[in-house]
Amino acid sequence: MTVFVLVGSNVAAHGQQGERAELDPFARVLLVVACGALLWRKRHPVAVVFGTAAAVMVYLGAGYPYGPVLFTVALACFSAIVAGHRRAAWAAMGMLWAGHVLVAHWLFRWLPPPGDSAVSWGEEIVVATWVVAVAAVSELFRVRREQWARERAERVEAARRRADEERLRIARELHDVIAHSISVINVQAGVGLTLLDTDPEQARSALTTIKDQSKEALGEVRQVLDTLRAPGAAPRAPAPGLDRLPELVEQAASAGLTVDVEGKPPRLAPGADLAAFRIVQEALTNVVRHSGSRHARVHLTHEGDLLRLRVDDDGPATGADAGGSGNGLAGMRERAAALGGTIEAGTRPDGGFRVLAVLPLAASDGPSGRPTQEDR
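Residues numbered from 1 in each chain as written. Predicted model: local features only at pLDDT ≥ 70, side-chain atom pairs only at ≥ 80, totals over all residues. Heavy atoms only, no water.

K.L.:
Go over the nonpolar core with me, naming the residues and quoting the values.
P.N.:
By size, the foremost hydrophobic cluster in this structure holds 36 residues, and its most contacted members are Leu257, Ile279, Val280, Leu284 and Leu309. Residue contributions to this core peak at 10 residues, all from helix α9 (residues 270-290). Other than its neighbours up to four places away in sequence, Leu257 contacts Ala252, Leu284, Val287, Val288, Ser293, Arg294, His295 and Ala296. Ranked by size, the runner-up nonpolar core spans 32 residues in total, among them Val69, Ala80, Ile81 and Ala135. (Core = buried A, V, L, I, M, F, W, Y, C linked by side-chain atoms within 4.5 Å. Buried < 20%, exposed > 50% of the residue type's maximum accessible area, 1.4 Å probe, protein only. Helix = DSSP H or I, 4+ residues; strand = E, 2+ residues; numbered from the N terminus. Contact = heavy atoms within 4.5 Å.)

In structure tokens form, the structure reads like this:
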């Protein structure tokens, strides 16, 4: 900028010879000061915009040629407005224009060059237009820059939100898979240890159940982790649904829990089918872990476009976490809420515990209406 201003001012001086004062060392000092101040335009934008405006005003007041020195004020004004100091930039530009009017229409009699005459108001309008144009372009760039910053922040926030949702989904899925399987394995391990000496055949059956449960749990955990490693890839096995309800009943029976199922599950969208399966799985797991009852009931009904899913046990609770841990209940609520459904969980007047889920039959499978990776 300094080289451009010095060279351009020399060219302008030749073009305005006889009309404006010749460039002398003081003029070149003013040019260098106006350009040098721009080095601090980002750290001290207000001081720089007023400093360059003052240097240019002195330069023009001394009668030196018009030229590229005005670009220094334009750049300083641009930096100040983009940095958010709009009033300071407008004040500095207004000060420069007012100073030019003062010199061009009143002080020109006592300032160089000798014999100078007043500037026409047409030229003043041109100068004012130039000032407004510089400020307007700066304002436009500031607005666009703020818009870009907002869009970038929104993209970052959206990416963070998607990552949080994916982590929550994976954590919820792992909790449902592991909690259910480990509960069954824990019960069967206790049975096996108790009957190892007195009833080896029954102990063998318990160990077989442990083997089957651990294998199934490992398969489902591997499926979830494969989704995490390769997002977008199709899972190797279909997501479970209410068609696998008999498997849950059988697994609960192996853990010593008798489950009665009433009603036939209707046809559900993949997301709702998976959510319903996981809710029943978590509810039965909680009965095994936290209830003294060895009997549970699963009731399925559908009214209109809603599925009502109810899981009851007769209690009493065997620990502080009646009905289940906070994570399990929170996971059920999140699954239902993601589909536009609801979950109600709490103790019954007779001392048992009830989980009631209401899910839409034709729920959207994902935020965009497409099946999610989990559903596929």
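Next comes the rest of the description.
K.L.:
If you had to explain the UniProt feature "transmembrane region" (unreviewed entry) in the protein chain to someone new, which residues and values would you point to?
P.N.:
The UniProt record marks residues 68-84, 89-108 and 120-141 with the feature "transmembrane region" (unreviewed entry), using the residue numbering of this structure. Helix makes up 76% of residues 68-84 and strand makes up 0%, while its end C-alpha atoms are separated by 25 Å. (UniProt positions renumbered as here; feature names shortened; annotations may be inferred.)

K.L.:
How would you summarise the confidence of the model for the protein chain if you had to cite specific residues and measurements?
P.N.:
Per-residue pLDDT for the protein chain averages 81, and the proportion of residues at 70 or more is 86%. Taken element by element, the predicted model of the protein chain shows its lowest mean pLDDT in helix α7 (residues 200-229) (74) and its highest in helix α2 (residues 25-36) (93). This stretch, residues 365-376, has a pLDDT under 50; its non-local contacts, to residues over four places away or in other chains, come to 26 contacts. (pLDDT = per-residue confidence, 0-100.)

K.L.:
I'd like a rundown of the side chain of Gln16, residues and numbers included.
P.N.:
With respect to the helices, strands and loops of the structure, Gln16 is situated in the loop between α1 (2-15) and α2. Once residues lying within four places of it in the same chain are set aside, the contact partners of Gln16 are Pro65 and Tyr66.

K.L.:
Report on the sheet that holds strand β1 (residues 258-262), specifying residues and quantitative values.
P.N.:
Taken together, five strands build an open sheet; the order of strands is β1-β2-β3-β5-β4 and the sheet is mixed. Either end of the sheet is taken by a strand with one partner, and the two such strands are β1 and β4 (342-347). Across the sheet, the mean angle separating the axes of adjacent strands is 10 degrees when strand polarity is ignored. Note that β1 and strand β2 (residues 295-303) share five bridges and pair parallel. Bridge pairing in β2 places Val259 opposite Ala296. (Pairing = 2+ DSSP bridges. Axes fitted to C-alpha atoms, helices over the stretch in contact; angles between N-to-C directions.)

K.L.:
Could you give an account of the pattern of salt bridges, naming the residues involved and the relevant values?
P.N.:
Taken as a whole and judged by the stated rule, the model has 12 salt bridges. The shortest N-O distance in the salt bridge between Asp312 and Arg354 comes to 2.6 Å. Here Arg354 lies in strand β5 (residues 353-360) and Asp312 lies in strand β3 (residues 306-313), a separation of 42 residues in the sequence. Owing to a relative accessible area of 3%, Asp312 belongs among the buried residues under this scheme. Through salt bridges with shared partners, one network takes in Arg297, Arg310, Asp312, Asp314, Arg348, Asp350 and Arg354. (Salt bridge = Lys/Arg side-chain N within 4 Å of Asp/Glu carboxyl O.)

K.L.:
Describe helix α4 (residues 70-82), and please don't skip the residues or the numbers.
P.N.:
Helix length check: α4 (13 residues) gives 19 Å between terminal C-alpha atoms against 18 Å at 1.5 Å per residue, within 8%. Among the residues making up α4, those that are buried are Thr72, Val73, Ala74, Ala76, Cys77, Ser79, Ala80, Ile81 and Val82. Looking one or two residues beyond α4, the residue adopting positive phi is Gly84, at roughly 100 degrees. (Expected span 1.5 Å × (residues − 1).)

K.L.:
Account for the packing of helix α3 (residues 45-61) against helix α5 (residues 86-105), naming residues and giving values.
P.N.:
At a minimum axis distance of 9 Å, the contact between α3 and α5 shows a crossing angle of 10 degrees. For the element pair α3 / α5, the angle class is roughly parallel. Taken together, the residues of α5 that come into contact with α3 (itself represented by Val46, Val49, Phe50, Ala53, Ala54, Val56, Met57, Leu60 and Gly61) are Ala88, Ala89, Ala91, Ala92, Met95, Leu96, Gly99, His100 and Val103. Classifying every residue of the contact of α3 with α5 gives 15 nonpolar, three polar and no charged. (Parallel < 35°, antiparallel > 145°, perpendicular 65-115°, else oblique. Nonpolar A, V, L, I, M, F, W, Y, C, P; charged D, E, K, R; others polar.)

K.L.:
Give a detailed account of the pairing of β2, specifying residues and quantitative values.
P.N.:
Crossover handedness for the path β1 to α9 to β2: left-handed. Strand direction decides the pairing type here: β2 and β3, joined by eight bridges, are antiparallel. Note on β3: the bridge partner recorded for His302 is Leu307. Once β2 ends, the chain turns through two residues before running back antiparallel as β3, passing Gly304 with a positive phi of about 65 degrees. (Right-handed = clockwise from strand over helix to strand, strands pointing away.)

K.L.:
Could you give me a rundown of a positive patch on the surface, with the residues and numbers involved?
P.N.:
On the surface, a cluster of positive charge is contributed by Lys42, Arg145, Arg152 and Arg155. Checked against the element boundaries, Arg155 lands in helix α6 (residues 121-195). (Patch = residues over 30% accessible without salt bridge, like charges linked within 9 Å, V, L, I, M, F, W, Y side chains within 5 Å. Areas by Shrake-Rupley, 256 points an atom, 1.4 Å probe, with all protein chains shown as cover. Lys, Arg positive; Asp, Glu negative; His and termini not counted. Charge placed at Lys NZ, Arg CZ, Asp CG, Glu CD.)

K.L.:
Please provide a residue-by-residue account of the packing of aromatic side chains, values included.
P.N.:
Taken as a whole and assessed by the stated rule, the structure comprises four aromatic pairs. Between Phe141 and Trp148, the aromatic rings sit 6.1 Å apart at their centres with planes inclined by 85 degrees, giving edge-to-face as the arrangement. (Phe/Tyr/Trp six-rings, centres within 6.5 Å; stacked < 30°, edge-to-face > 60°.)

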